[in-house]
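Spelled out from the first residue to the last, the chains are:
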Amino acid sequence: MLDVKLIRQQFPIYDHNPNLVYLDTAASSLKPKNVIDVVDHYYSKLGVNVHRGVYGLSYEATDLYEAARTTVARFLNAKFEEIVFTRGTTASLNLVASSYQKQLKAGDEIITSELEHHSSVLPWMQVSKNTGAKLVYVPLNAEGRITVEAFKSVLTDQTKVVALTYVSNVMGYVTPIKEIIDLAHQKGAIVVVDAAQAAPHMKIDVTALNADFLAFSGHKILGPTGIGVLYGKKHLLNKMEPTEFGGDMVDQVELNGATWKDTPYRFEAGTPIISGAIGLGRAIEFIESIGFDEIHAHVHALHQYTLEKMKAIDGITVFNPTSETGIITFNVDFVHPHDAASIFDQNKVCLRAGHHCAQLITKWLKQLATLRATFYIYNDYEDADRFVESIQEAVRFFKAF
Amino acid sequence: MSSHLENLYRQVIMDHYKNPYNKGLVQDPTYFTVHLHNPSCGDDMTVQLKETNGVITDIKHQGTGCSICCSSASVMSITLKNHTKAEGLDIIQAYYHMLTNEHYDQKILNGDALAYHGVAQFPARIKCATLAWKAAEQALLHNKEE
């Protein structure tokens, strides 16, 4: 059992907002003190560039930055040189798409789904326009899930890329990605996994999954904003052209050309996000110190408790009652989510209202927008109760008109 | 129930939401049409504005969104109708000022539009309350340029 009280003591935001009910972790998690401290340590004690300075401070900054890469590599069970630091999942997925498209041609097929976050589908939509490769959507089942059977129905000899989410940021479903990767590899296709929502909730082993590329963001797993990770198989990354050119990514520069460093550095042009990487490393250590079994058990219990209470409320619709990851997507019937959201806002219950950067699944649900609540390690049963009370209040309030 | 919320959702606002005035678009080239939407929340609003000799003689609207957004289109249409272009632009500015808690002249802005003063307590909702008004403003400014 997680001791939420003890956990909250490590999140300074609760000192400033003791009544905060934060249910928007799927958008961005809260940040623990040890992450804030290590970012502060870099800026106040080091504050210099990496990979360049021939002096002590720069060595120390470089050591911390590269130690964070080691931490991420261990976290994903990858090799050190397979971890590229980026701005976030969006930047990671765009990097793969814009570089890998040089290996695609008209007639090739790219499989994606309506469950995708915009950052997982739009880069490939652009690639499809640029190359003539065809964008193919996995048909979702009645619940809105990607199934292995449905994936088989769109997998062909022309499939070259599969770009799918590991955990949907709207429905919270876990994609059977291991089976999909195995099937895709039988056709010679590569698989790009959007793990932004998976990373905070489950152990990801890229070697066991045999994933070709996988991306996640720091700020969704207790780390700073502005840092993310692209994992890629070494031989694939070294075959890919960089998408940004400049300092630190280059090997030899001549008047008429240049050569690139090996991965990961060829994809990290310019001064990297040093403080972000160091903060992310610390965030991962924090999560590992709690453990995914504990995190899952806690989130699952809160999720089930809340769903049970929601079942008793007339006048709401939950779109994903079978979600595995503590994401509840719902609406108050006949009330626009932004109207309902102001009730939650008044009660200091932070949740998301809108299409969650996933317009395709919102349209699939035949909704203009939805409300979304997500649980994490700092949430407790009181949060769940206050959330449920706010739902009841929203139902009552709008019924009065 | 907090008074802020009661202020945000006044009966007058919910009445306009349920029974809007001037809703529905026309196929008439003498109306100037502006379509605006808010990609982050999905609110979507089309406003058609007709001017005759410098006077706003008709406004139509059609859209999807929250009650604040949809109702404010109805209120905008009855507030601006029969005013001159210059008066219309002044009224729109006064409305924006009311929503951001700045001084505005109640001689310029009056009627049902005042019900939206409660939006000032909900900064996240200002964009809902202004979408239709911004569309009307664009229509007026466009006509001004011609």
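Residues numbered from 1 in each chain as written. Chains lettered and ligands numbered in written order. Predicted model: local features only at pLDDT ≥ 70, side-chain atom pairs only at ≥ 80, totals over all residues.

J.: Looking at this structure, how should I read the overall build of chain B?
T.: When helices and strands are counted, chain B shows 5 helices and 3 strands. Along the chain direction, N to C, the helices and strands of chain B fall in the order α-α-β-β-β-α-α-α. Here the C-alpha radius of gyration of chain B, 14 Å, is about what a compact globule of 146 residues would show, namely 15 Å. Considering only C-alpha atoms, chain B reaches an extent of 45 × 30 × 25 Å along its principal axes. The buried share of chain B, reckoned over its 146 residues, is 42%. Within chain B, contacts between residues separated by at least 24 positions form 62% of all contacts whose residues are at least 6 apart in sequence. (Helix = DSSP H or I, 4+ residues; strand = E, 2+ residues; numbered from the N terminus. Rg over C-alpha atoms; globule rule 2.2 N^0.38 Å. Buried ≥ 20, exposed ≤ 12 C-beta atoms within 10 Å, placed from the backbone. Contact = placed C-beta atoms within 7 Å.)

J.: When you look at the confidence of the model for chain B in this model, what are you seeing that I'm missing?
T.: Caution applies to low-pLDDT parts of the model: their predicted coordinates are not meant to be read in detail. Taken residue by residue, chain B gives an average pLDDT of 92. The fraction at 70 or more is 96%. Scored as a whole, the predicted complex attains pTM 0.92, and scored at its interfaces, ipTM 0.82. (pLDDT = per-residue confidence, 0-100.)

J.: Help me understand the domain arrangement of chain A in this model?
T.: A common way to express how large an interface is: the accessible area buried when the components associate. All names here are of chain A. You can read the domains of chain A as domain 1 (4-30 + 291-399) and domain 2 (35-288). For domain 1 and domain 2, the distance between their C-alpha centroids amounts to 28 Å. Residue assignment for the side of domain 1 that touches domain 2 shows that the elements contributing at least two residues are helix 12 (292-311), strand 12 (327-332) and helix 14 (359-364). It is helix 12 that provides the largest number of residues to the side of domain 1 that touches domain 2, a total of 4 residues. A breakdown of the residues in the side of domain 1 that touches domain 2 according to their chemical character gives 12 nonpolar, 11 polar and 2 charged. (Domains from an automatic or database assignment. Nonpolar A, V, L, I, M, F, W, Y, C, P; charged D, E, K, R; others polar.)

J.: Looking at this model, I keep getting lost on the sheet that holds strand 14 (residues 352-354) of chain A. Mind explaining?
T.: Sheet strands line up and pair through hydrogen bonds in the backbone, either parallel or antiparallel. Residues and elements named next belong to chain A. Spatial strand order, 11-12-15-14: 4 strands in an open sheet with antiparallel pairing. Across the chains shown, the open sheet's two edge strands, defined by having one partner strand only, are strand 11 (316-318) and strand 14. With strand direction ignored, the average angle separating the axes of adjacent strands in the sheet is 30°. Note: strand 12 against strand 15 (residues 370-374), 4 bridges, orientation antiparallel. Bridged to Thr329 within strand 15 is Arg372. Sitting on the sheet, helix 15 (residues 381-399) is in contact with strand 11, strand 12 and strand 15, with an inclination near 15° to strand 12. (Pairing = 2+ DSSP bridges. Axes fitted to C-alpha atoms, helices over the stretch in contact; angles between N-to-C directions.)

J.: Looking at this structure, I do not really get the interface of chain A and chain B. What am I missing?
T.: Of the residues lining the interface, 13 residues belong to chain A; the matching set on chain B comes to 17 residues. When residues in the side of chain A that touches chain B are grouped by element, the largest group, 6 residues, is from helix 13 (residues 337-346) of chain A. The residue inventory of the side of chain A that touches chain B, partitioned by class, reads 5 nonpolar, 6 polar and 2 charged.

J.: Any chance you could explain unusual backbone geometry here in plain terms?
T.: Most of the time, phi is negative for any residue but glycine, and the peptide bond is trans. Cis geometry is adopted by the peptide bond preceding A:Pro264, which originates at A:Thr263 and carries an omega value of 5°. The topology assignment puts A:Pro264 in the loop between strand 10 (257-260) and helix 11 (274-290). Its identity is not glycine, yet A:Phe334 carries a phi of approximately 65°, on the positive side. Note that A:Phe334 resides in the loop between strand 12 and helix 13. Its identity as a non-glycine residue notwithstanding, B:Asn82 has a phi of 70°, on the positive side. For B:Asn82, the location among the structural elements is in the loop between helix 3 (67-80) and helix 4 (85-99).

J.: Explanation requested: helix 3 (residues 33-46) of chain A in the structure shown.
T.: Because the α-helix completes a turn every 3.6 residues, residues three or four places apart line up on one side. All names here are of chain A. Given a rise of 1.5 Å per residue, 14 residues ought to cover 20 Å, and the 19 Å separating the end C-alpha atoms of helix 3 matches this to within 8%. When we look at burial in helix 3, the residues that qualify are Val35, Val38, Val39, Tyr42 and Leu46. Buried residues belonging to helix 3 abut helix 4 (56-76) and helix 11. After helix 3 finishes, the residue Gly47 shows a positive phi value of roughly 65°. (Expected span 1.5 Å × (residues − 1).)

J.: Please clarify how the nonpolar core should be interpreted in this entry.
T.: What tends to happen in soluble globular proteins is that the nonpolar side chains get buried as a cluster. Core analysis: the largest hydrophobic core is formed by 125 residues, its most contacted members being A:Val191, A:Val193 and A:Ala195. For this core, the element with the most residues is helix 11 of chain A, which contributes 8 residues. Each of domain 1 (4-30 + 291-399) and domain 2 (35-288) of chain A contributes no fewer than three residues to this core. Apart from the residues lying within four places of it in its own chain, the contact partners of A:Val191 are A:Val162, A:Ile180, A:Ile181, A:Ala184, A:Ala211 and A:Asp212. B:Val34, B:Ile56, B:Leu131 and B:Trp133 belong to the second largest nonpolar core, which has 40 residues in total. (Core = buried A, V, L, I, M, F, W, Y, C linked by C-beta atoms within 7 Å.)

J.: I keep staring at the sheet that holds strand 3 (residues 55-64) of chain B and nothing clicks. Help me out?
T.: Residues and elements named next belong to chain B. Taken in spatial order, the 3 strands of this open sheet run 1-2-3, and their pairing is antiparallel. Only two strands of the sheet have a single partner each, and these edge strands are strand 1 (31-37) and strand 3. The average undirected angle you get between the axes of adjacent strands in this sheet is 15°. Judged from the 9 bridges that link them, strand 2 (residues 44-52) and strand 3 form a sheet pairing that is antiparallel.

J.: Can you help me understand the pairing of strand 1 of chain B in this one?
T.: Both faces of the sheet carry side chains from a regular strand, because those side chains alternate between them. Residue and element names in this part refer to chain B. Pairing analysis gives 7 bridges linking strand 1 to strand 2, with the strands arranged antiparallel. Note on strand 2: the bridge partner recorded for Phe32 is Leu49. What sits between strand 1 and strand 2 in their antiparallel hairpin is a turn of 6 residues, with Gly42 showing a positive phi close to 95°.

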